[in-house]
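If you want the building blocks of each chain, they are given just below.
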Number of protein chains: 2
Amino acid sequence: MRAATIGRFYRHDFLPLMQTHPSTRFILIQTSHAGNVGATARAMKTMGFDDLVLVAPRWANVLRREETLQRASGALDILKNARIVATLDEALDGVTHLCATAMTPRDFGPPTRAPRQHFEMLTKAKQDATTHANGGIAFLFGSERFGMSNEDVYRCHVALSIPTDPQFGSLNLGAAVQLIAYEWRQALGGFGTPVRPEPVETSGSSTGSGRTAILADAQQLSGMLAHWEKALVGIGFLDPTAPKKLMPRLNQLFNRAQLTQEEIHILRGVAKAMTAAGSHPTPAATGPAKS
Amino acid sequence: MRAATIGRFYRHDFLPLMQTHPSTRFILIQTSHAGNVGATARAMKTMGFDDLVLVAPRWANVLRREETLQRASGALDILKNARIVATLDEALDGVTHLCATAMTPRDFGPPTRAPRQHFEMLTKAKQDATTHANGGIAFLFGSERFGMSNEDVYRCHVALSIPTDPQFGSLNLGAAVQLIAYEWRQALGGFGTPVRPEPVETSGSSTGSGRTAILADAQQLSGMLAHWEKALVGIGFLDPTAPKKLMPRLNQLFNRAQLTQEEIHILRGVAKAMTAAGSHPTPAATGPAKS
């Protein structure tokens, strides 16, 4: 049973991700402590990662604050190349696999796993892969005080939960980044283990097209979902005043499918047609989603 | 040769340690930054350890300094019970297995190993042990500026080296404590990851709903797709005289997502709403699928 589940899981969710050396991004959302930004840069650099994006940090000048620089120690190049953006969406270009970091599982959210467990599944998926496409991975960290919002967690493919003492799970943000960066680096083979270049494959089997399929990134998925949301309201299926968990559910469903850009295009076409059809009065509109 | 070495090694060095739940001590030698003492306390507590000893810290009052308390967050009991001693010897009562933490191997020193590798050997030693005695383990951390002295490293059974980027091995002291504490806790069996109730069927992890998720079978999927086909024609998206490969594509997409019965229900609701919306004349109908 378990093997079957894993097999099904990684065939559909993981294959596209791991092809050679996935690009790895760390995203801090609404961080309030400058010292933690510095600690994050240092932690990333010790593990050989360099792509840092801050979403709506408390301090606009956080990359240049004294405490940031102090805690970054020698990792100043990470800060120098870091980006600050206003919304999570802007941080997700090129990312196809999103890992939330969250202490508590959410209903309707992605599965919760320990980092080592999840990374082993990713690695195994890579070894078993015969076809795959491009993709990057991002690790999302919420604010020191409130963690990640449900909305952000819902977008992710997995919620990584670092195993801590049930009596005291209060990991420092920089420490959490350090642990994730370390585990991910270990999963990638660690240092000193050369990674062989993988052949470029086409993923015909997943699209049925026989052509190279380019995975949609999280930004494109989110744009399509926004389009759908509008369309579902338009045809009277989604009640915006009582949306229930419809959109998070569709998000999870499409995450599992690992959509290609071509499929995003098709689904946007469906949304467009729905909107056109829904722009006329609908006497016998169906009710909103039940759940 | 290698097996013999390991066998000899753990027979003499490891056996006494692992018998049930070894006492674990963290020892900071000549620490100069109060913030790191606080971070150490917090890191230890998240991993369920509580025995902290400081050898000749720079600040005599380091356990009560403001920066220490701040960085310790809620781990104040660790600080309260911590001891300050003048020499390493005084910190080693009850300890039978000493682990140095050092970036660079020393001549004449103990073997250098990655923490995970060493802890796996300890765990294996425990499993193979038939007789053993009492003993505790201690992790030693040198000063921020100079690391550990050769003299202190020579006393240890192993030098643990956390694998870092060869270009940038500058781990923060608190981060190093966090990684060692984490790896050691994992080796001791770890804490569980908070898990929502697992569904009965194999698809539970993929839906993330926390409730029982029953996979839709092929018949249910095909019924839903037929419903969608009709609806897509109804809203003018699908031209039945030139359907191209739209339905096979959607079929593939939903196959990859491994739909649950509940999701089938939602998608049928969408189809129903589309049909209702499409049952009115659509002057500006969008064209059929392009591919």
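See the structure shown above.
Right, let's walk through the structure included here. As the structure is a prediction and not an experimental result, all values here were calculated from the model.

**Things to note about the sheet that holds strand β1 (residues 23-29) of chain B**
All names here are of chain B.
Right, on to step 1. Reading across from one edge, β3-β2-β1-β6-β4-β7-β5 is the order of the seven strands in this open sheet, with parallel pairing throughout. Across the chains shown, the open sheet's two edge strands, defined by having one partner strand only, are β3 (83-85) and β5 (112-113).
Right, on to step 2. Direction of pairing for β1 relative to strand β2 (residues 51-55): parallel, over a ladder of five bridges. Pairing of Ile27 across the sheet is with Val53, part of β2.
Right, on to step 3. Relative to β2, helix α2 (residues 34-46) is tilted by about 160°, and along the sheet it contacts β1 and β2.
Right, on to step 4. Sheet contacts for helix α7 (residues 173-187): β1, β4 (95-101), β6 (136-141) and β7 (158-160); angle to β6, the most-contacted strand, approximately 155°.

**Concerning the pattern of salt bridges**
Here the idea is simple: oppositely charged side chains can pair when their charged atoms come close.
All names here are of chain A.
Right, on to step 1. Per the counting criterion, the structure on display carries 17 salt bridges over all chains.
Right, on to step 2. Put simply, Arg155 and Asp89 hold a salt bridge, and the shortest N to O gap is 3.0 Å. Here Arg155, found in the loop between α6 (150-154) and β7 (158-160), pairs with Asp89, found in the loop between β3 (83-85) and β4 (95-101); they are 66 residues apart in sequence, far enough to count as distant.
Right, on to step 3. Each member of the salt-bridge network shares a partner with another, and the members are Arg25, Asp51, Arg83 and Asp93.

**Re the packing of helix α7 (residues 173-187) of chain A against α7(B)**
Right, on to step 1. Put simply, α7(A) and α7(B) touch, their axes get as near as 10 Å, and they point 60° apart. The angle between α7(A) and α7(B) places the two elements in the oblique class. Here α7(A) and α7(B) pass one another in a crossing that is right-handed. Residues Ala175(A), Gln178(A), Leu179(A), Tyr182(A) and Glu183(A) of α7(A) form the contact with α7(B), whose own contacting residues are Ala175(B), Gln178(B), Leu179(B), Tyr182(B) and Glu183(B).
Right, on to step 2. Class assignment of the residues belonging to the contact of α7(A) with α7(B) gives a composition of six nonpolar, two polar and two charged.

**Comments concerning the pairing of β1(B)**
Right, on to step 1. Of all seven residues in β1(B), six are buried; the element is thus mostly enclosed.
Right, on to step 2. As a crossover connection, the stretch from β1(B) through α2(B) into β2(B) is right-handed.

**So, the pairing of strand β2 (residues 51-55) of chain A**
Residue and element names in this part refer to chain A.
Right, on to step 1. Counting buried positions along β2 gives four out of five residues, so the element sits mostly inside the fold.
Right, on to step 2. With three bridges joining them, β2 and β3 adopt parallel strand pairing. Among the inter-strand pairings, Leu54 is bridged to a residue of β3, identified as Ile84.

Conventions and cut-offs
The written sequence of each chain sets the order in which its residues are numbered from 1. Chain A is the first chain written and ligand 1 is the first ligand written, with later ones labelled in order. With the structure being a predicted model, the display of local features is reserved for residues of pLDDT at least 70 and the display and counting of side-chain atom pairs for 80 or more, all residues being used for whole-chain, interface and lining totals. Heavy atoms from the whole structure form the basis of all side-chain values; hydrogens and water molecules are not counted. Whether two strands pair comes down to DSSP finding at least two bridges between them. Each helix corresponds to a stretch of at least 4 residues labelled H or I by DSSP, and each strand to a stretch of at least 2 residues labelled E; elements are numbered beginning at the N terminus. Note on definitions: a residue-residue contact is assigned when non-hydrogen atoms from the two residues lie within 4.5 Å. Axis definition: a line fit to C-alpha positions, over the contact stretch in the case of helices; interaxial angles, taken between N-to-C directions, run 0 to 180 degrees. Salt bridges are counted wherever a side-chain nitrogen of Lys or Arg sits within 4 Å of a carboxyl oxygen of Asp or Glu. The labels follow the angle: roughly parallel below 35 degrees, roughly antiparallel above 145, roughly perpendicular from 65 to 115, and oblique for the rest. For any pair of crossing helices, the crossing counts as left-handed if the nearer helix is rotated counterclockwise from the farther one by less than a right angle, and right-handed if it is rotated clockwise. Amino acid classes used here: Ala, Val, Leu, Ile, Met, Phe, Trp, Tyr, Cys and Pro are nonpolar; Asp, Glu, Lys and Arg are charged; the rest, including Gly, are polar. Partly exposed describes any residue whose relative accessible area lies between the buried limit of under 20% and the exposed limit of over 50%, with all areas from a 1.4 Å probe on protein chains only and scaled to the type maximum. When the strands point away from the viewer, a crossover counts as right-handed if the route from the first strand across the helix to the second turns clockwise.

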